Amino acid sequence: MMTSFIIRDVRVFDGESVIEDGFVHVENGKIKSVGHVTGAPQITTNTYSKPGHTVLPGLIDCHIHADMADPQALPQALRFGVTTVCEMQNELDNVLKLKKQTLEPDTASYKTAGQAASVENGWPIPVILAHNSSDAVKAEIAKWPKLSDRENVIDYLEWTTREMQPDYIKLMHESGKTMGTKFNYPSVELQCIIVEEARARGYLVVAHATALQDTLDVLEAGVNGLTHTFCDQPPTHELIDAYKKTGAWLNPTLAAIGSLTTEGKDLQHQFAHDPRVEGLIDESKIGNMCACMAFAVEHGKVEHAYESVRVLKDAGVDILW
């Protein structure tokens with residue numbers, strides 16, 4: 001039998017409004033009622049009074065990467081109130097380890113794109129090899145799917161469905177424009193094929209893009225959502241029209257964009273050293289929070305990213321944080 005209980009005398013935030021002196025009644029593992037404490041059911045067992053505390057829905061982190069199946073990723077997320085994480089790229093062995101870890105107590109729920117749809121020498125291969133070009137890394141990358149036509153797209157989708165059971169499919173569409181370089185990246189035609197075949201198998205499709213034109217490309221291909229906004233130029237009316245036409249959502253990852261341009265460095269340090277996070281993050285990870293990726297220092301501005309969120313939100317596009 002699933003758990004039933006009442007939490008009362010707490011501040012309740014339901015995502016839109018606040019009840020200062022409220023209760024939450026859970027019956028058989030599901031929320032049955034929420035309201036002011038005067039309306040709480042009168043049960044004598046499993047009732048917990050927690051004055052001075054706040055109850056709110058579990059948060060969803062829409063974009064993580066648990067590199068090397070970091071065993072701290074899922075427990076750390078839960079410590080910060082994140083009950084579900086959505087991973088946007090990882091290799092098979094890592095995905096299987098993380099799925100197994102969710103069977104343990106005190107871990108966040110785990111959704112994954114599994115191995116993203118990639119092309120020969122496409123993103124993120126260049127940046128990975130720039131940081132680590134060891135034989136072991138090269139051997140792992142050699143196993144990645146390298147898509148070029150409908151036949152190997154179908155092979156890739158059948159493989160990832162069988163081996164990884166992903167929750168959605170992710171496209172990589174990184175031209176390198178925001179970094180002042182040029183990467184190999186898929187044609188819009190190939191991306192359309194991936195979206196079509198993924199949809200035929202019941203998957204939502206999301207996409208990486210950090211430049212305006214790259215974003216327009218994947219919207220044309222019909223993706224359900226973007227996993228970043230762009231920072232190479234200001235938003236345009238064409239962008240708004242493309243989002244509205246497709247009904248796609250945006251997960252802007254503004255912190256990541258600030259790291260790409262290094263304009264978020266001060267905020268990164270502020271949050272990394274906030275006394276409220278002491279004990280919640282390993283000391284070894286605090287340095288990671290302060291290190292900027294710095295790929296787009298010369299060719300990107302974080303304000304372009306912020307402005308894209310403003311105009312898209314005003315246009316009624318769903319913004320996922």
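See the structure printed just above.
Everything quoted here is computed from the prediction, not taken from an experiment. (Residues numbered from 1 in each chain as written. Predicted model: local features only at pLDDT ≥ 70, side-chain atom pairs only at ≥ 80, totals over all residues. Heavy atoms only, no water.)

## Describing the overall build of the chain
Consideration 1: Across its full length, the chain holds twelve helices and twelve strands.
Consideration 2: For 321 residues, the compact-globule estimate of 2.2 N^0.38 gives 20 Å, and the chain sits close to it at 22 Å.
Consideration 3: Taking the principal axes of its C-alpha atoms as reference, the chain extends roughly 65 × 45 × 40 Å.
Consideration 4: Expressed as a percentage of its 321 residues, the buried residues of the chain come to 44%.
Consideration 5: Put simply, of all contacts in the chain between residues at least 6 apart along the chain, 65% involve residues at least 24 apart.
Consideration 6: For the chain, the exposed surface amounts to about 17000 Å²; the carbon and sulfur share of it is 53%.
Consideration 7: In the chain, the 28 positive side-chain charges and the 44 negative ones have mean positions that sit 3 Å from each other. (Helix = DSSP H or I, 4+ residues; strand = E, 2+ residues; numbered from the N terminus. Rg over C-alpha atoms; globule rule 2.2 N^0.38 Å. Buried < 20%, exposed > 50% of the residue type's maximum accessible area, 1.4 Å probe, protein only. Contact = heavy atoms within 4.5 Å. Areas by Shrake-Rupley, 256 points an atom, 1.4 Å probe, with all protein chains shown as cover. Lys, Arg positive; Asp, Glu negative; His and termini not counted. Charge placed at Lys NZ, Arg CZ, Asp CG, Glu CD.)

## A short note on a negative patch on the surface
Consideration 1: Side chains of Asp149, Glu151, Asp155 and Glu158 sit close together on the surface and give a patch of like negative charge.
Consideration 2: Following the sequence through the fold, aspartate 149 ends up in the loop between α4 (135–142) and α5 (150–163).
Consideration 3: Under the relative-accessibility criterion, aspartate 149 is labelled partly exposed at 34%. (Patch = residues over 30% accessible without salt bridge, like charges linked within 9 Å, V, L, I, M, F, W, Y side chains within 5 Å. Salt bridge = Lys/Arg side-chain N within 4 Å of Asp/Glu carboxyl O.)

## Digging into the environment of proline 41
Consideration 1: With respect to the element layout, proline 41 can be found in the loop between β3 (30–36) and β4 (47–49).
Consideration 2: Spatially, the C-alpha atom of proline 41 lies 7.8 Å from that of histidine 25, the residues being 16 residues apart in sequence.
Consideration 3: Contact partners of proline 41, with chain neighbours within four places excluded, come to Ile6, Phe23 and His25.

## A short note on the layout of surface pockets
Consideration 1: Space inside the second largest pocket adds up to approximately 290 Å³.
Consideration 2: Lining the second largest pocket are 13 residues, and of these Val24, Ile31, Val55, Leu56 and Pro57 sit closest to its centre.
Consideration 3: Listed by contribution, the elements that provide at least two residues to the lining of the second largest pocket are β1 (5–13), β2 (18–27), β3 and β5 (54–55).
Consideration 4: Looking at the lining of the second largest pocket element by element, the count peaks at four residues for β1.
Consideration 5: Its residues assigned to classes, the lining of the second largest pocket shows eleven nonpolar, one polar and one charged. (1 Å grid on protein atoms, 1.4 Å probe; cavity = no way out; pocket = protein on both sides within 12 Å on 5 of 7 lines; lining within 4 Å. Points joined across faces, edges and corners; volume = space filled by probe spheres on them. Nonpolar A, V, L, I, M, F, W, Y, C, P; charged D, E, K, R; others polar.)

## Points about the environment of aspartate 14
Consideration 1: For aspartate 14, the location among the structural elements is in the loop between β1 and β2.
Consideration 2: Sequence separation between aspartate 14 and valine 26 is twelve residues, and the spatial gap between their C-alpha atoms is 14 Å.
Consideration 3: Separated by 2.8 Å, the side chain of aspartate 14 and the backbone nitrogen of glutamate 16 make a polar contact.
Consideration 4: A polar contact is formed between the side chain of aspartate 14 and the backbone nitrogen of serine 17, at a distance of 2.8 Å. (Polar contact = N/O pair within 3.5 Å; in protein donor to acceptor, adjacent residues only side chain to side chain.)

## Notes on the sheet that holds strand β7 (residues 82–87)
Consideration 1: Reading across from one edge, β6-β7-β8 is the order of the three strands in this open sheet, with parallel pairing throughout. Each edge of the open sheet is held by one strand with a lone partner, namely β6 (59–64) and β8 (109–112). Here the average twist between neighbouring strands, direction ignored, is 20°.
Consideration 2: The sheet contact formed by β6 and β7 spans four bridges and is parallel. When the bridges of β7 are listed, aspartate 61 appears paired with valine 85.
Consideration 3: Packed onto the sheet, helix α2 (residues 92–101) meets β7 and β8 and runs at close to 155° relative to β8. (Pairing = 2+ DSSP bridges. Axes fitted to C-alpha atoms, helices over the stretch in contact; angles between N-to-C directions.)

None of the figures reported here should be taken as evidence of function without further support.
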